[in-house]
Amino acid sequence: MRYYLLCNRCGNTEALSLNNCLEWDEINCSECGDFLDTCGHHADLIAPSYRHQMFNRSKNLIIKMAYERSQAGVYRHDSSTYQ
Ligand SMILES: [Zn+2]
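Residues numbered from 1 in each chain as written. Predicted model: local features only at pLDDT ≥ 70, side-chain atom pairs only at ≥ 80, totals over all residues.

Caption draft 1: Just the overall build of the protein, in detail. Counting its regular elements, the protein contains two helices and four strands. Overall, the protein shows an N-to-C arrangement of helices and strands of β-β-β-β-α-α. Here the protein, with 83 residues, has 5% of them falling under the buried criterion. The contacts in the protein between residues at least 6 apart in sequence include a share of 13% that link residues at least 24 apart. (Helix = DSSP H or I, 4+ residues; strand = E, 2+ residues; numbered from the N terminus. Buried ≥ 20, exposed ≤ 12 C-beta atoms within 10 Å, placed from the backbone. Contact = placed C-beta atoms within 7 Å.)

Right, here's the structure in full:
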């Protein structure tokens, strides 16, 4: 399987692992063969976790609420933040 990972040793950005790799199988640089990551760790990094999704939804909701309140004049007393 092919990945786009930066190799700190040679600067190459293409890495390879076994097809159908298991969590503990290595991802290595396609140029110099240096170990870059394991398949399981890399999958965890690129998959959006439930915790991150909930964090982003909460953050977006708070920003939206703050914007709507500022439009309604609720936070007019804090002129440095909402103008
Ligand atoms: Zn390399």
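Caption draft 2: Local environment of the environment of Phe35. By secondary structure assignment, the location of Phe35 is in strand β4 (residues 35-38). For the pair Phe35 and Leu16, spaced 19 residues apart in sequence, the C-alpha to C-alpha distance is 9.9 Å. Once residues lying within four places of it in the same chain are set aside, the contact partners of Phe35 are Glu26 and Asn28.

Caption draft 3: Layout of helix α2 (residues 50-72). Between the first and last C-alpha of α2 there are 33 Å, a value that for 23 residues agrees with the 33 Å anticipated at 1.5 Å per step. The buried fraction of α2 is low, at zero of 23 residues. Immediately downstream of α2, the backbone of Gly73 shows phi near 90°, a positive value. (Expected span 1.5 Å × (residues − 1).)

Caption draft 4: Main features of the pairing of strand β3 (residues 26-29). Both strand β2 (residues 15-16) and β3 contribute to a ladder of two bridges, which runs antiparallel. Residue Ala15 lies in a different strand from β3, and its bridge partner there is Cys29. For β3 and β4, the ladder comprises three bridges, and the chain directions are antiparallel. Among the inter-strand pairings, Asn28 is bridged to a residue of β4, identified as Phe35. Adjacent in sequence and paired antiparallel, β3 and β4 are bridged by five residues, among which Gly33 carries a positive phi angle near 80°. (Pairing = 2+ DSSP bridges.)

Caption draft 5: Representation of the environment of Leu6 within the structure. Relative to the helices and strands, Leu6 resides in the loop between β1 (2-3) and β2. Judged by the 13 C-beta atoms lying within 10 Å of it, Leu6 falls in the partly exposed class. Residues Leu6 and Leu36, 30 residues apart in the sequence, show an inter-C-alpha distance of 8.2 Å.

The values reported here are purely geometric and, on their own, carry no functional implication.
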